[in-house]
Amino acid sequence: MAEHGAEDLLRRLAPQVLGALVRRYGHFGTAEDAVQEALLAAAVQWPRDGTPADPRGWLITVASRRLTDLLRSEQARQRREDTMARQVLPGEWVAPAADAAGAGSGDDTLILLFLCCHPALSPASQIALTRAFLVPEATMTRRISRAKQGIRASGVPFSMPAASERAERLAAVLHVLYLIFNEGYASTSGPGLQRAELAGEAIRLARLLHRLLPGDGEVTGLLALMLLTDARRAARSGPYGELVPMAEQDRGRWDAAAIAEGVTLITGALPHGPTGPYQLQAAIAAVHDEAPNAEATDWPQIMALYELLLRISDNPVVALNHAVAVAMVQGPRAGLDLLAGLESDERIAGDHRLQAVRGHLLEAAGDRAAARDCYEAAARRALSLPQQRYLQARASRLEDEQ
């Protein structure tokens, strides 16, 4: 399946198919599950059999059949649960959780993730398909079960791809795990600052992947990065859920065991083989975590690591963080000069983080009025309520001090 066709599948056809099913049957949540399974079936079958003449009709037909099956299965499940509820005493234990020790191999989610990251799909399409991972555990368990049934019916084994295929998909898998973790650690929208269950699931999957590929430096680097970052989670929010920046966090609340594990992982990975972006990010996180306080942070080392990262990663967020590190070493004006080069980068020009960093550096440079304007602009762009409140509070404090 060509890249453009894959993007059409996920960006254009998927909403149309979901809309058609909801209009016809209702049951939005179940219809969404059915469409996800139709997309997964297409990702498996179309590269092998060819794209059908009417892709939209094919998806609607497959999704409609799955929706009917799902509704019937749900009715049957409810009848079974009602029967079991009458037979089991209150509080009696029935079955272990799907991810409990002894309940199975525990890697079905990782297998499904590799299947979603089929090389025939573009990176954008792979990420769109794996949005099914950003759901509650019970929903994910049902989707895995149904995906296994659908894939088994197609004749393709539900198993980890062969080593050669796995290598093709690994970069996409790592990227999706990184996105899932980031959404858990710093939610991009909504009332909460963090979604601990998402960060925890990303770490669990990264551990499974590390067991599968213990010699891969980037797999090790990503796991280390997650552990070193998640170690600060308890100190990252205040008693009312407010955002606490790293410089103001109580480092006694950081998870020392997670930091030790992360440092051991990245220390062992760096000397062997080529150094990739996840390893460098983990090294930066380790420098932050090993500092006893904010003032003792080794900013020259962090700046040097970001400069190495910039050489291999054309990522505007990396450039933004590099500007902060330069400001900490060479002064806020040096950092502001670097930010000017990011204003024309459409990937980050409208992001609240650019305005927030500019406000921070302007405040450090003594330009409080301009800093206040930047904080206010950043607050308007932020989608997360805790981030909005933090930025508004920074702006208000500067206004009060004038």
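Since we're looking at a predicted model, the values are computed, not measured.

Per the secondary structure count, the chain includes 17 helices and zero strands. By element, 53% of the accessible surface of the chain is carried by carbon and sulfur atoms, the whole surface being about 19900 Å².

To continue, consider the side chain of His-288. Take His-288: it is sitting in helix H11 (residues 277-290). Look at His-288 and you get buried, because its relative accessible area is 10%.

Where helix H10 (residues 256-269) meets H11, the axes come as close as 10 Å, and the angle between the chain directions of the two elements is 135°. The angle between the axes of H10 and H11 places the two elements in the oblique class. The crossing of H10 and H11 is left-handed. Facing Ile-259, Val-263, Ile-266 and Ala-269 of H10, the residues of H11 in contact are Gln-279, Ala-282, Ala-283, Ala-286, Asp-289 and Glu-290. Tallied by class, residues from the contact of H10 with H11 come to seven nonpolar, one polar and two charged.

With that settled, consider helix H9 (residues 217-230). With 14 residues, H9 extends 20 Å between its outermost C-alpha atoms, agreeing within 8% with the 20 Å of an ideal straight helix rising 1.5 Å per residue. Backbone nitrogen of Glu-218 and a side-chain oxygen of the N-cap are separated by 3.0 Å at the start of H9; the cap is Asp-216.

Turning our eyes to something else, we now look at the packing of aromatic side chains. Summed over the entire model, instances satisfying the criterion amount to two aromatic pairs. Centre to centre, the rings of Phe-181 and Tyr-185 are 5.9 Å apart; their planes meet at 10°, and the pair counts as stacked. In this pair, Phe-181 and Tyr-185 both sit in helix H7 (residues 163-185), four residues apart, roughly one turn of the helix. Residue Phe-181 shares its accessibility class with Tyr-185, and that shared class is buried. The aromatic ring of Trp-254 is capped on one face by Arg-232, whose charged end is 5.9 Å from the ring centroid. The lysine or arginine in question, Arg-236, covers the ring of Tyr-185, its NZ or CZ lying 4.5 Å from the ring centre.

What follows concerns the nonpolar core. One finds Leu-177, Leu-209 and Met-226 to be the most contacted residues of the largest nonpolar core, which totals 42 residues. Contributing elements (two or more residues each) for this core: helix H4 (108-116), H7, helix H8 (196-212), H9, H10 and H11. Broken down by element, this core gets its largest block of residues, nine residues, from H7. Sequence-distant contacts of Leu-177, that is, excluding residues within four places in its chain, are made with Leu-113, Ala-202, Leu-205, Ala-206, Leu-209, Leu-222 and Met-226. With 23 residues, the next largest nonpolar core counts Leu-336, Ala-356, Cys-374 and Tyr-375 among its residues.

To continue, consider the side chain of Glu-363. Residue placement: Glu-363 occurs in helix H15 (residues 352-365). Overall, the relative accessible area of 16% leaves Glu-363 in the buried class. Here Glu-363 is in contact with Ala-371, Tyr-375, Arg-394, Arg-397 and Leu-398, once residues within four sequence places are set aside.

Per-residue pLDDT for the chain has a mean of 80; in total, 74% of the residues score no lower than 70. Considering only residues more than four positions removed or in separate chains, one finds that residues 84-106, a stretch of pLDDT under 50, has eight contacts.

Right, let's get into the packing of helix H14 (residues 332-340) against H15. Contact geometry for H14 and H15: axes closest at 9 Å, N-to-C directions at 150°. As summarised for this structure, H14 and H15 are arranged roughly antiparallel, according to the angle between their axes. Considering how the two elements wind past one another, H14 and H15 form a crossing that is left-handed. Along the contact surface, H14 presents Pro-332, Arg-333, Gly-335, Leu-336 and Leu-339, while H15 presents Leu-354, Val-357, Arg-358, Leu-361, Leu-362, Ala-364 and Ala-365. When grouped by side-chain class, the residues that make up the contact of H14 with H15 number nine nonpolar, one polar and two charged.

Thresholds applied
- Residues numbered from 1 in each chain as written.
- Predicted model: local features only at pLDDT ≥ 70, side-chain atom pairs only at ≥ 80, totals over all residues.
- Heavy atoms only, no water.
- Helix = DSSP H or I, 4+ residues; strand = E, 2+ residues; numbered from the N terminus.
- Areas by Shrake-Rupley, 256 points an atom, 1.4 Å probe, with all protein chains shown as cover.
- Buried < 20%, exposed > 50% of the residue type's maximum accessible area, 1.4 Å probe, protein only.
- Axes fitted to C-alpha atoms, helices over the stretch in contact; angles between N-to-C directions.
- Parallel < 35°, antiparallel > 145°, perpendicular 65-115°, else oblique.
- Left-handed = near helix turned anticlockwise from the far one by under 90°.
- Contact = heavy atoms within 4.5 Å.
- Nonpolar A, V, L, I, M, F, W, Y, C, P; charged D, E, K, R; others polar.
- Expected span 1.5 Å × (residues − 1).
- Polar contact = N/O pair within 3.5 Å; in protein donor to acceptor, adjacent residues only side chain to side chain.
- Phe/Tyr/Trp six-rings, centres within 6.5 Å; stacked < 30°, edge-to-face > 60°.
- Lys NZ or Arg CZ within 6 Å of the ring centre and 35° of its normal.
- Core = buried A, V, L, I, M, F, W, Y, C linked by side-chain atoms within 4.5 Å.
- pLDDT = per-residue confidence, 0-100.

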